[in-house]
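# Per-entry structural report
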Amino acid sequence: MTDGMEMFPLIQRLDEEGNLIGDLGVLSLADLKETYATMRFLRTFDERAWNLQRQGVIGTYAPFKGQEAAQMGAVAALEDTDWLVPTYRDWAASYLRGVPLEHGLFFSKGHPSLGDIPAGKRVLPAQVVIAAQTLHGVGVAWATKLRHEKVATVVTFGDGATSQGDFHEAMNFASVLAVPLIFFCENNQWAISVPLARQMHAETIAQRSIAYGIEGFRVDGNDYVAVANLMHELSERVRNGEGPFLVEALTYRLGAHTTADDPGKYRAIEEEDLWIRRDPLVRLERWLRAQGQLSDEDLAAIDADSERKVEEIIAGFREALDISPLVLFDSVYATLPSTLASQRAQFEARVKEVGA
Amino acid sequence: MVKIETSPQQVTSRKLTVSKAMVEGIAQEMERDPSVIVLGEDVGAYGGIFSSTTGLLERFGPGRILDTPISETAFIGLGTGAAVEGMRPIVELMFVDFFGVAMDQIYNHMAKIHYESGGNVLVPMVLMTAVGGGYSDGAQHSQCLWGTFAHLPGMKVVVPSSPADAKGLMISAIRDENPVVYMFHKGVMGLPWMTKSTHALGDVPEESYTVPIGKAAITRSGTDVTVVTLSLSVHHSLDVADELAKEGIECEVVDLRSLVPLDRATVLESVAKTGRLVVVDEDYQSFGLSGEIAAIIAEEDPRLLRCPMKRVCVPDTPIPYARSLEQATLPTPTRIAAAIRDVMA
């Protein structure tokens, strides 16, 4: 059997105790202070979203708790002209690319603004169909190549997605077309209730790259310093005509798959405890404290700020809920065809009549 | 009925087959717009197994005419991604029958990303695909399936039958901001190895022009019976109409050309005039186009019909390989003529 772990050793720069292995690379102390504050805010939002579901305010929500470093690192090196093609759990990554966090709430509410990408932001709407977006990522990257743009595209997906044909076809196409694309796998080790060992027989996802003749990397996905540095290097390389690349970011879904399941039914509490110790926030906090760059007062200030921002998001979200059901017809086509316009008119009359 | 919209300048035309007209439409758009690209299986040196891309590789090179690996899911997803990024890909699905392996990419992604993005992401893509039987290619290579695509929201569906429409609808499809499924029947292409159809060859203006998507055409005017049809069945219906005219039956042949959007007005006007209706559809009979046309009449005014309508469709069975059996299932001129005589009786 191929020893994937040996062939693709885990890249790490900040261990779980908060010790720096080597240096910060392209990052600065200021970057990490800001990253920590953002990560803490994102954690606050994510936990709050979970509670909103429990209160019946929103529908099913897929939490990203535990995967913040992987998601933030995945997009850390992207420029305004670069693309992100995300999967459904990637609200943190999308947020950093200019998609408001409200979208995560809209999404769980089935609100039509759920995929409403702000103009000029090069992000696709979150994809729920497993691995489908890997092909869109190849297409986007291919188009940037045809246009001779110096653009990097990052497509994100989970470990479960690597079992889908779409993923393998995307890897094949991307390598044949030599597109400027980074396949970024957030290996959180659980596809709902199915562990990775039941998802594939190979030791690592990174080694899938060998079969497609491309370079693969395995990085500690809970180590922002390692992920961000790797993505800086790879983004620059794809912009210069190299690629595609496959990155396996080893992380862990600290929460449930979605608000609809209970991980206690399918995985051991000991495993969760192990990964709670590897929490990406904890190690950054330890390191910053050790540098004398983070105090209890700083933490309190970050939390107060985070709470305030989350409250604003929720207020905006509640306001946006009052919408006309007629928006249903707005974006089915670029312009409303006459046949659909007549259905819209009937729908409108019915809505007026029955009031819903 | 204006069939072709052209500029008022001098129009030079000459006779082309449907396949040559399609290719000319694609080539003219590729000249005009560098974002137009073609991809699919065997679209390069081969020129498309039904000659839908003949000569394009030589003219535009492998950078814009891409032979893909055999993975429909992948190249339709690839086209969608490229369209999102501002290209105008023409993606060929070799046989529509193969949609099964790629349907998720078609109806959940290509057709829905615009909606899912709140209208901010456009997918200006053409999915062109060969449909239809009549040459013993069996149950998995002979279907039309346009009703399936037309049933699903988010994509337009066009089905040309004449060379002039093939070019004009192709240009409209490429310029459209929506994904457009462009379905060409192998029997209308004018291919030397298929059964000849005289209607596969026709006048095509040399200039670039568009045929509006969503407008049917009256390809023959008549007063006695309306024949609503599309694609190869238009050719058959025109031939039948010529024959029946000798018996004093005047058929009005309506070529739908587009299924999404569907030109309900032209159908209703024609039926209001003739009072009789035959729908000829090479797709499966149930839950499809023929039922939709019946619904239009039933919803609008069932009294338009002075006698029950007739449907000439493929029965709800797989399309047989054996020639005799296949001919028995397809809407042949014999079946069309019999249906028209029935409603005239």
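Scroll up for the structure.
Let us look at the structure shown here. Quantities reported herein were computed from a predicted structural model and do not represent experimental measurements. (Residues numbered from 1 in each chain as written. Chains lettered and ligands numbered in written order. Predicted model: local features only at pLDDT ≥ 70, side-chain atom pairs only at ≥ 80, totals over all residues. Heavy atoms only, no water.)

### Concerning the overall build of chain A
Applicable threshold: Think of it this way: any DSSP run of H or I at least four residues long counts as a helix, any run of E at least two long counts as a strand, and we number them from the N terminus. Contacts are assigned to residue pairs that have any heavy atoms within 4.5 Å of one another. Residues counted as positive are Lys and Arg, residues counted as negative are Asp and Glu, and His and the chain ends are not counted. To locate a charge, the coordinates of NZ of Lys, CZ of Arg, CG of Asp or CD of Glu are taken.
Secondary structure assignment for chain A yields 13 helices and seven strands. The principal-axis extents of the C-alpha atoms in chain A amount to approximately 70 × 50 × 40 Å. Considering only intrachain contacts with a sequence separation of at least 6, the fraction spanning at least 24 residues in chain A is 75%. In chain A, 34 positive and 51 negative side-chain charges are present, and the distance between their average locations comes to 3 Å.

### Focus on the pairing of strand β11 (residues 251-255) of chain B
Residues and elements named next belong to chain B. Keep this limit in mind: Relative accessibility decides the category of a residue: with a 1.4 Å probe and only protein chains considered, values under 20% of the type maximum give buried, values over 50% give exposed, and everything between is partly exposed. Two strands pair under a simple rule: DSSP has to find at least two bridges between them. Look down the strands so they point away from you; if going from the first strand over the helix to the second traces a clockwise path, that crossover is right-handed.
Among the five residues that make up β11, five are buried, leaving the element largely enclosed by the rest of the structure. Both faces of β11 are covered, namely the face carrying C251, V253 and D255 and the face carrying E252 and V254. As defined by bridge partners, strand β9 (residues 217-220) adjoins β11 across three bridges and the pair is classed as antiparallel. Within the sheet, the bridge partner assigned to I218 lies in β11 and is V254. In the sheet, strand β10 (residues 225-229) pairs with β11 via five bridges, with the strands oriented parallel. Its bridge partner being in β11, T229 is matched across the sheet by D255. Where the polypeptide runs from β10 across helix α8 (residues 232-245) and back to β11, its parallel neighbour, the crossover connection is right-handed.

### Structural notes on the interface of chain B and chain A
The line we're drawing: Values labelled buried area give the accessible surface lost by two parts on being combined, using a 1.4 Å probe and summing over both. Every case where a carboxyl oxygen of Asp or Glu lies within 4 Å of a side-chain nitrogen of Lys or Arg is listed as a salt bridge. Residue polarity follows a fixed list, in which Ala, Val, Leu, Ile, Met, Phe, Trp, Tyr, Cys and Pro are nonpolar, Asp, Glu, Lys and Arg are charged, and the others, Gly among them, are polar.
Between chain B and chain A, the residue contacts involve 44 residues of the former and 35 residues of the latter. Taking both sides of the interface into account, the surface hidden between chain B and chain A amounts to around 3200 Å²; carbon and sulfur atoms contribute 67%. Summed over the three residues of chain B that lose the most area to chain A, namely B:L78, B:E85 and B:Y115, the buried surface amounts to 21% of that side. On inspection of chain B and its partner chain A, the count reaches two salt bridges. Across the pair B:E85 and A:R122 runs a salt bridge whose closest N-O atoms are separated by 2.7 Å. Breaking the side of chain B that touches chain A down by element, the ones donating at least two residues are β2 (36-40), α3 (72-84), α4 (103-110) and α5 (113-116) of chain B. Per element, the largest residue contribution to the side of chain B that touches chain A is 10 residues, and it comes from α3(B). For the side of chain B that touches chain A, the per-class residue count stands at 19 nonpolar, 18 polar and seven charged.

### Focus: the nonpolar core
Short version of the rule: Buried residues of nine kinds, namely Ala, Val, Leu, Ile, Met, Phe, Trp, Tyr and Cys, make up a nonpolar core once their side-chain atoms join them within 4.5 Å.
Counting 92 residues, the largest nonpolar core has A:F183, B:F149, B:L256 and B:I293 as the members making the most contacts within it. Of the residues forming this core, the biggest block, seven residues, is contributed by α3(B). Discounting chain neighbours no more than four positions away, the residues touching B:F149 are B:V96, B:F99, B:M103, B:I106, B:M155, B:V157, B:V181 and B:M183. Listed in part, the 42 residues of the second largest apolar core include B:V23, B:I90, B:V180 and B:L191.

### Description of the sheet that holds strand β3 (residues 181-187) of chain A
All names here are of chain A. Defined as follows: Here the axes come from fitting lines to C-alpha atoms, over the contacting stretch only for helices, and the angles between their N-to-C directions go from 0 to 180 degrees.
Spatially, the five strands line up as an open sheet ordered β1-β2-β3-β7-β6, and their pairing is parallel. Unpaired on one side and paired on the other, β1 (83-85) and β6 (215-220) mark the two borders of the sheet. Between one strand axis and the next, the sheet turns through 20° on average, direction left out of account. Two strands pair when backbone bridges link them, and β6 and strand β7 (residues 245-250) are joined in this way by six bridges, in the parallel orientation. Residue pairing in the sheet places D220 in a bridge with L250 of β7.

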